[in-house]
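Structure assessment
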Amino acid sequence: MRNLSKILLFHTAIGALLAPATCVLAQNSDGRLEEIIVTAERRTSNVQNTAAAITAVSGEDLERMGVIAPEDLRKVTPGLYATVAGNILQFYVRGVGNYAANAFADAAVSFNLDGVTLSRPTTYAGLFFDLNRVEVLMGPQGTLYGRNATGGAINLLSARPEIDGEFGGYLRGDVGNEEYYKLNGAVNLPVSDRFALRAAGQVVERDSYYNDDTGDAGTWSGRLSALFEPSDRVSLQLITDYQNVDHIGIGATIIGPNNFFDGNFIGSDPWEVGATSDEANALLAASSGFLARGPMGDPDPFNEAEVFGVLGQLDWELGLGNLTVLASYRDADYHLNTYFPGFMANIDEQAEQTSFEVRLASAREEGLDWVVGAYYFDETIGTDSFFFQDLNYPFAAEFENSTRLEPDLDTESQAVFGQLTFHISDQLRLTGSVRYTDEEKTMGGRVTGDPIFSGPATLEYPLDGADDWQETTWKVTVEFDLSDDSLLYANVSTGFKAGGYFAEQLQFGNTYDPEELIAYSLGSKNRFLEDRLQINAELYYWDYEDHQESHLTASPAGYNLFITENIGTAEMAGIDLDLEFLLTANARIRVQLQYLDAEFTEFKYSVASVGPPLVGCPATALGGVFYEVNCDGFDAIRAPEWAGTLGYQQLFALGEGNLVFDVSAQYSDEYFTSIDYLPSQLQESYTWIDASLTWRSADDKYSLGLWGRNLTEEEVSTDGFVSPFTNPGGGLVYGTQRAPRTYGVSFGVNF
């Protein structure tokens, strides 16, 4: 790893001074930074007193930052990378993640809503409204959280009904270019001194950035919450949510050359020509030769989803401790028709998940704190995926290349866990936690088709598999209070993600093993200058083994398929810095900075190609059409060496109200977006600038603002997929772009 010894020597020297905490922009009326309460450790605590790398952002700040979809969470912290590939959401934390592009793969970063893990990434789109906060946890979640995760966790916490409050609510909206509008609101209704209701909803619409109308947005969502407190020691909350996604679907453009093209050959900017446009199809036809015909006729892309969820939470203060019971059910119906990149993919997916968790936590006492619990998760997924491509051979009129995947997948996970914290002295604490997990997966269904591109003229085989994995994960933490406002901590933690299946015949091997990660960290959280200055940081080193990676290759039987395999080990070392400073009572500056050295120490995989494959790593022929690609020593994908955010906020008195100016600049070093490591998949460094100017009335009842995002119109590609149906070795590289410059007005009314 590059200059690792020097990096660790430097970081160790300063590690005891600095660790990530929160970028919530809030202060008390007395001019101090506000205390942020989180539940990241499965109990309520001040984020500054929690010995973990946590970034917490309020729901109001999420709106101000323009976070309306899960991929927008990359604005929250430099350590989090979020993108959409094939309409499947993917998260990476400090270089740990996976290209989970279908129902077979689990995410390396868990996503949770109100304490419940949401397994299907196709169900996140309509959740970002009426939130209390979002918490981003860096590092393996192998002890207290529902399903295990190697990279980290994202927790969305919705706003709760307020029994003690009055009837009230809000209405907020945005209108911008590209026919963009967003409208959301909430109403809080205290029915009695023991019971309250809260109803909230949101609608989002936006036209496409591309000329083929793909890449638009269209969701509407609703949430109804009820809170009942029959006594001072018991509360019961019931939350139901519904979301409807209905738009044309994911958009992309051709971002890279094949063997016959170079340069920016398709448009003057990456948003000009969509992947299914006439211009892109003409280029596809020219580069396809005798393989794929190219133009897809009259594409009819769409992306539709209906998601329903219900959650019940019981909190009961017993004499022994505080009991929490979480029971949840979710149902999702997902339909996608996309032509990205160069062939049709039609996917119908139905998923149901049930989870149940029970925890008992001690009341906070000196000497010993503890948490014990059990967890159960069950999910069934039925998928019908049809992939179709016309073929054009010089010796025949027309052929069709098609494959239909109809897997039935079932996952059952059970776990028990516990955590003990010993208060050795008033300043020194030692915490140990452990979790035992048993996860079982089964696969059924079948694969059929006519894959003339490679393999037999007809194809049909069953999908079979049943396996389970057991793992014990643990965490040890030492905390020391340097003062009332300074915490020093060190911890070692482990995490794992269970193995699984892909759509191959049993005799050729259709399973992959779990991946594991052990993380070491040293950090500190500090408040200075009477709570006006906050400086936090964390130094970390991660050892990542049996990395699960999904990619396209060929079966020994001759047909193409998308597999997941254990193809790498990696090391991640770096430091995260988080600083927030109240310059005056009305001016605030914030700095988030990440240095990351993420490298694959071992990374080999096999691909099928007619001729040498189009990859940036050395490739060695294995015989026939198979090659081994060796990417040992390459940087982890989606892991820039330097990344950071610089923000400034100023409040001005203006008549009977206030004017708030906010500007933030997000910088990222260059990084690769795909394991092909092609030049066109290297995202160059960029600086993304957002700004807003908002007037608020003196009573905070009304607001009116102007906003602009990506003001310098940076061209940022979030992925890069090599089309398998172009000339030998692949060729055209398709990629989705972050939004160009957008701007608009916002308004709000509180009542």
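Residues numbered from 1 in each chain as written. Predicted model: local features only at pLDDT ≥ 70, side-chain atom pairs only at ≥ 80, totals over all residues. Heavy atoms only, no water.

Section: the packing of aromatic side chains
- Evaluation of the coordinates by the stated rule reveals 17 aromatic pairs.
- Between Phe195 and Phe228, the ring centres sit 6.5 Å apart and the planes meet at 70°, which makes this aromatic pair edge-to-face. Pair noted here: Phe195 is in strand S12 (residues 195-206) and Phe228 is in strand S13 (residues 217-231), with a separation of 33 residues, a long-range link.
- For Phe228, a relative accessible area of 37% corresponds to the partly exposed category.
- Judged by centre distance (6.0 Å) and plane angle (45°), the ring pair of Phe603 and Tyr605 falls under tilted.
- For Tyr605, a relative accessible area of 4% translates into the label buried.
- Here a set of aromatic residues connected by ring pairs shows up, and it is made of Tyr81, Tyr92 and Tyr671.
- For the cation-ring pair, Arg172 lies above Tyr170, with the distance from its terminal atom to the ring centre recorded as 4.0 Å. (Phe/Tyr/Trp six-rings, centres within 6.5 Å; stacked < 30°, edge-to-face > 60°. Helix = DSSP H or I, 4+ residues; strand = E, 2+ residues; numbered from the N terminus. Buried < 20%, exposed > 50% of the residue type's maximum accessible area, 1.4 Å probe, protein only. Lys NZ or Arg CZ within 6 Å of the ring centre and 35° of its normal.)

A short note on the layout of surface pockets
- In this structure, the second largest pocket spans a volume of roughly 1,000 Å³.
- Thr39, Thr44, Arg160, Gln313 and Asp315 are, among the 39 residues lining the second largest pocket, the residues nearest its centre.
- Of all the secondary structure elements, the ones that give two or more residues to the lining of the second largest pocket are strand S6 (109-113), strand S8 (131-138), strand S9 (152-158), S13, strand S14 (234-247), strand S16 (302-317), strand S17 (322-338) and strand S18 (344-361).
- The leading source of residues in the lining of the second largest pocket is S16, at five residues. (1 Å grid on protein atoms, 1.4 Å probe; cavity = no way out; pocket = protein on both sides within 12 Å on 5 of 7 lines; lining within 4 Å. Points joined across faces, edges and corners; volume = space filled by probe spheres on them.)

Points about the confidence of the model for the protein
- Looking at the protein, pLDDT values average 87 and 89% of them are 70 or higher.
- Segment residues 1-26: pLDDT under 50, and 95 contacts once partners within four positions in sequence are set aside and those in other chains are kept.
- Under a pLDDT of 50 for its full length, residues 258-264 has, in the predicted model, nine contacts with residues more than four places off or in other chains. (pLDDT = per-residue confidence, 0-100. Contact = heavy atoms within 4.5 Å.)

Brief notes about the side chain of Arg527
- Its location among the elements puts Arg527 in strand S27 (residues 515-528).
- By relative accessible area, Arg527 is classed as buried at 9%.
- Within the local environment of Arg527, its side chain forms a polar contact with the backbone oxygen of Glu34, the two atoms lying 3.1 Å apart.
- Apart from the residues lying within four places of it in its own chain, the contact partners of Arg527 are Leu33, Glu34, Gln48, Asp485, Leu533 and Gln534. (Polar contact = N/O pair within 3.5 Å; in protein donor to acceptor, adjacent residues only side chain to side chain.)

Points about the pairing of strand S10 (residues 168-176)
- The sheet contact formed by S10 and strand S11 (residues 180-190) spans nine bridges and is antiparallel. Pairing of Gly168 across the sheet is with Asn188, part of S11.
- Between S10 and the antiparallel strand that follows it, S11, lie three residues; Glu178 among them carries a positive phi value of about 60°.
- Across seven bridges, S10 lies against strand S43 (residues 742-750) in antiparallel orientation. Bridging across to S43, Leu171 finds its partner in Val749. (Pairing = 2+ DSSP bridges.)

Focus on the sheet that holds strand S15 (residues 253-256)
- Pairing is antiparallel in the open sheet, where three strands are placed in the order S15-S42-S41. With partners counted over all chains shown, the strands left at the sheet margins are S15 and strand S41 (721-722), one partner each.
- Pairing geometry for S15 and strand S42 (residues 733-735), over three bridges, is antiparallel. Considered in S42, the bridge of Gly256 is made with Val733.

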